[in-house]
Amino acid sequence: MLARLMGVRIFDLEACGACNLACPFCPRELLPPTGNMSQSTFTAFLNHVSLRATDTVSFVGIGEPTMNRLLPDFLRQTKARYPNVRTWVTSNGALLNERVVPALLEARLDTLDVSFNGLDAPTYERLMKGATFEKVLANLEYTAREIRRTRSATQLQINYILTQENAHQEAEIQAFWRARGITRFRVQHMHDRAGLTHVEGMTPRDTPGLHGRNCELFEVITFVTWQGDVMYCCHDIPRAHKLGNIAEHTWEDLERKKNAVARKGCWPGMCNACTDPLRHDMREKIDTMIRREIREQAVGSVYAAAGSLREWAGL
């Protein structure tokens with residue numbers, strides 16, 4: 001596996017624990033009090049973790065990261081210290097406006113990943129409760145224009161939930177976005193947040209549990225809450241299983257704890273109820289992404305070479 005050979009790691013940082021939406025597949029009522037990640041907590045992360053070129057710093061978590069006004073600063077600080085590390089923001093898109101988008105692009109964000117479920121207003125507004133279908137579409141169109149206008153390297157992509165009920169619509173979903181100039185997608189298969197939520201008409205495809213295998217989500221992703229707590233998993237909504245705190249423990253200590261859990265198979269009880277397919281195919285998904293990027297870079301090199309030849313020839 002490429003991801004294993006390259007030692008790919010993903011650090012999911014919860015820039016904001018609060019959210020402006022109330023989606024039915026996100027059991028926010030089980031969360032402890034929420035807030036914004038502070039500068040001191042983020043600085044502790046940068047100081048404690050030595051990042052590699054194959055790492056990703058992803059601002060996601062349970063909340064909406066763009067609600068934290070320090071988010072562009074966090075992105076800039078990451079790139080200033082680690083220019084080759086990939087940065088990623090997952091947003092619901094409702095706040096991608098003239099204040100937020102330029103700041104993200106100026107901070108050299110690599111990937112802006114927008115959650116969008118539904119192809120019409122009734123479906124979308126039921127699944128993305130609190131957002132308006134037409135307004136978020138307009139936000140995405142504005143974002144795409146800004147990326148083109150500024151010639152930003154930021155990649156805009158859509159993530160959507162695929163279920164047994166809507167699997168037949170996947171080609172239609174992607175065609176919907178391709179018609180709007182967005183061609184990158186991240187497919188999430190429906191799961192029930194380790195048994196904490198069940199949404200009518202959205203059925204997980206997997207049977208619960210690890211089935212005697214290790215969890216690739218745990219091995220690849222380190223989830224850090226807005227308070228700096230390092231959790232076993234982002235699906236631990238009540239925040240019951242903690243490895244430590246990024247400001248109180250060295251990364252070496254936290255990594256030793258993670259390795260010991262994986263080696264001994266000391267999984268918390270919630271793992272018995274998990275139906276997230278990524279627990280078993282996280283590295284396979286990353287491999288697919290790496291191969292896609294290698295292909296795109298190769299094509300880009302060909303186009304760049306062709307452009308240079310045309311310029312040299314005076315065409």
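Relevant structure appears above.
Below, the structure is looked at part by part. (Residues numbered from 1 in each chain as written. Predicted model: local features only at pLDDT ≥ 70, side-chain atom pairs only at ≥ 80, totals over all residues. Heavy atoms only, no water.)

Digging into the overall build of the protein
What the protein contains, in helices and strands, is ten helices and nine strands. In terms of its C-alpha atoms, the protein occupies a principal-axis envelope of roughly 65 × 45 × 35 Å. Out of the 315 residues in the protein, the part that is buried amounts to 51%. Counted over contacts in the protein with a minimum sequence separation of 6, partners at least 24 positions apart contribute 75%. Here the protein has roughly 15100 Å² of accessible surface; of this, 53% comes from carbon and sulfur atoms. For the protein, the distance from the average position of its 39 positive side-chain charges to the average position of its 36 negative side-chain charges is 4 Å. (Helix = DSSP H or I, 4+ residues; strand = E, 2+ residues; numbered from the N terminus. Buried < 20%, exposed > 50% of the residue type's maximum accessible area, 1.4 Å probe, protein only. Contact = heavy atoms within 4.5 Å. Areas by Shrake-Rupley, 256 points an atom, 1.4 Å probe, with all protein chains shown as cover. Lys, Arg positive; Asp, Glu negative; His and termini not counted. Charge placed at Lys NZ, Arg CZ, Asp CG, Glu CD.)

What to know about the environment of Arg52
Tracing the chain through its elements places Arg52 in the loop between α2 (39-48) and β2 (55-59). Given a relative accessible area of 39%, Arg52 falls into the partly exposed group. Distance from Arg52 to Ala194, taken between C-alpha atoms, is 30 Å for residues 142 residues apart in sequence. Those residues within four positions of Arg52 in sequence are excluded, and the remaining contacts are Gly7, Arg9 and Val85.

Brief notes about unusual backbone geometry
Positive phi, normally seen in glycine, also occurs at Arg193, with a value near 50 degrees. For Arg193, the location among the structural elements is in the loop between β6 (185-189) and α8 (216-220). A positive phi angle, near 55 degrees, is found at Ala194, a position not held by glycine. Note that Ala194 resides in the loop between β6 and α8.

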